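Overview (structure and organization)
The lines below spell out each chain.
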Amino acid sequence: MAWQDLGIIFSVNRLNSWARSHAYVPTAIELNEKLRVFAAFLDENMHGRLGYVDVDRDNPRQVIGVSNQPILADSSRGCFDHNGTTPLSAVSDSAGKLKLYYAGWRRTESNIDRYELFTGLAVGLEDSELLDRYSDKPVLGPRSATENVRTVGCVLRLDDGFHCWLATQKGLHGETGKALPIYDLEHVVSKDGLVWPEEQKTVLRYSENEVLGYGRSAIWEADDGGFEGLFSVRNWDGTYTDILYSTSEDGINWAPLSRGGMAFRANMTCDGQKSVSFPNIIHQDGRKLMFYNGNDFGREGLRLAIWTD
C-alpha cells in the first residue's frame, strides 16, 4: 500500500481571462460516470473564481470537461466574498443536491489584517453549470471583531448532523503589512449544515515558531471505526511542505501528526515538488484518489495521486 503520484492531470495555463493560472484547493464529488473537481481558477490579478474539471470516474487521468465560465457569479462590492472564492468542502444528498462550502475573500483597509476569510455556501444540483449563493452572508462568519478567519477544513454528513473541522484565527504573525493569520483547527456540529453554533472544540493547536495553522484537509470515517485524516500543515513562514496523517477515535482527539502511514510528502511527487497541500479524497473500491496542490498553491494545475488498498 503506497501512493502513486500521477502529477499534473490538467494544466491551467491562460485558459481564459478569468482562469490564467492555478487549480487552487481542489474539491471533488463523484457523479455517475465522472468526477467533478471544483477549484479556484485565478485571473491576472490573483482573484479566484470557482470552476471545475470533470475527469473520467474509472480513469481519472482522462479529462472530459472543463467549466467555460465561473459557476458562481461575482458578488457586489463590500460583500464578504467580493475579492475571491475558493472551494473547501462538498456534500451531496441522495437527491443530487449539492452543498459547496467555500472561502470568501475580502480585502480590508487595515495595514495589519490584510484580508478577511469566512465560509460561504453555494447550492444547486451536483452537475449544474451554475450554483446559487445560499446567502449573501457567510454561514460561518466572525464571532468577534478580532476574528478574521473562520473557514471550513472539511465537512462530513454523519448520522447526528454535519460535522465541520475548521480553521479559526488565534492571532497574527509577521510584520505590519505582511502579517499572516495564526489559526487552530476546531470542530463544530450543525443539524442541517446551514446554521452553525458559535461554540467550537479545539482539535489541533498552532505551535509558535513551528506551525502557523492547518489548511484545508481531508477527514473521513475509518473502515474499522473512528476517523482518519490527511492534514495540510502550514509552516511558521507561511509555506506548506508535506501532507501529514493521523487517526482519531472521536474526531476531536487525534494521534500526533505523522509523516508515516498515509502521509504524502513532497519528496513522493513524480516531478520533485517542494510543496504539497490541500488534499481531497474520493473513495473508490480498493483505492483512494487524492486531488491536491503542488508548488505555489497549485499554480500549474490540478494534481492527482492514487492510494491502492
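Residues numbered from 1 in each chain as written. Predicted model: local features only at pLDDT ≥ 70, side-chain atom pairs only at ≥ 80, totals over all residues. Heavy atoms only, no water.

1. Re the environment of Glu116
How we decide: Strands are runs of DSSP state E lasting at least two residues, helices are runs of H or I lasting at least four, and both sets are numbered from the N terminus onward. A simple rule labels every residue: compare its accessible area, found with a 1.4 Å probe on the protein chains alone, to the largest value its type can have, and call it buried under 20%, exposed over 50%, or partly exposed in between.
Here Glu116 is to be found in strand S8 (residues 115-125). Since its relative accessible area comes to 18%, Glu116 is described here as buried. When the C-alpha positions of Glu116 and Arg106 are compared, they lie 5.2 Å apart, and in sequence the two are 10 residues distant.

2. Some words on the pairing of strand S4 (residues 48-56)
Applicable threshold: When DSSP finds two or more bridges between a pair of strands, those strands are recorded as paired.
Of all 9 residues in S4, 8 are buried; the element is thus mostly enclosed. Hairpin remark: strand S3 (residues 34-42) followed by S4, antiparallel, with 5 residues in the connecting loop; positive phi at Met46, about 65 degrees. Pairing geometry for S4 and strand S5 (residues 63-66), over 3 bridges, is antiparallel. By the bridge assignment, Val55 is partnered in S5 with Val63. Counted along the chain from S4 to the antiparallel partner S5, the turn is 6 residues long.

3. Looking at the sheet that holds strand S15 (residues 227-235)
Through backbone hydrogen bonds, the strands of a sheet pair up, either in parallel or in antiparallel fashion. Stated precisely, the cut-off is as follows: Every angle, taken between N-to-C directions, lies between 0 and 180 degrees, and every axis is a line fitted to C-alpha atoms, over only the stretch in contact when it is a helix.
Within the open sheet, the 3 strands sit side by side as S14-S15-S16. Their pairing is antiparallel. If you trace the sheet from one side to the other, it starts and ends with strand S14 (211-221) and strand S16 (240-248), each paired once. Along the sheet, successive strands turn relative to each other by an average axial angle of 25 degrees, direction set aside. Strand direction decides the pairing type here: S14 and S15, joined by 8 bridges, are antiparallel. Residue pairing for S15: Ile219 is matched across the bridge by Gly229.

4. A closer look at the sheet that holds S4
The 4 strands lie next to each other as S2-S3-S4-S5, forming an open sheet whose pairing is antiparallel. With partners counted over all chains shown, the strands left at the sheet margins are strand S2 (21-30) and S5, one partner each. Neighbour-to-neighbour, the strand axes of the sheet open up by a mean angle of 25 degrees, direction not taken into account. Relative to S3, S2 runs antiparallel, the two sharing 6 bridges.

5. Concerning the nonpolar core
We count it as follows: Note on terminology: a nonpolar core comprises buried Ala, Val, Leu, Ile, Met, Phe, Trp, Tyr and Cys residues joined through side-chain atoms within 4.5 Å. Pairs of residues are marked as contacts when any of their non-hydrogen atoms sit within 4.5 Å.
Within the largest apolar cluster, 20 residues are counted, with the highest numbers of intra-cluster contacts made by Phe41, Leu289, Phe291, Leu302 and Leu304. Residue assignment for this core shows that the elements contributing at least two residues are strand S1 (3-11), S2, S3, S4, strand S18 (287-293) and strand S19 (301-308). Per-element tally for this core: the top contributor is S3, with 4 residues. Not counting residues up to four positions away in its chain, the partners in contact with Leu302 are Gly7, Ile8, Ile9, Phe10, Ala23, Pro26, Val37, Val53 and Phe291. Val91, Leu121, Val152 and Trp196 belong to the second-largest nonpolar core, a separate cluster that totals 17 residues.

6. Quick notes on the pattern of salt bridges
Rules: Note on definitions: salt bridges are taken to be side-chain nitrogens of Lys or Arg within 4 Å of carboxyl oxygens of Asp or Glu.
For the coordinates displayed, the defined rule picks out 16 salt bridges. Taking the shortest distance from any N to any O, the salt bridge between Lys170 and Glu186 comes out at 2.8 Å. Taken as a pair, Lys170 in strand S11 (residues 161-173) and Glu186 in strand S12 (residues 180-190) lie far apart in primary sequence, 16 residues in all. Its relative accessible area of 38% is what places Lys170 among the partly exposed residues. Of the charged contacts in the structure, one is a salt bridge between Asp296 and Arg299, with a shortest N-O distance of 2.5 Å. Since its relative accessible area comes to 39%, Asp296 is described here as partly exposed. Given the relative accessible area of 35%, Arg299 is considered partly exposed. Within the structure, one salt-bridge network assembled from shared partners comprises Asp5, Asp271 and Arg303.

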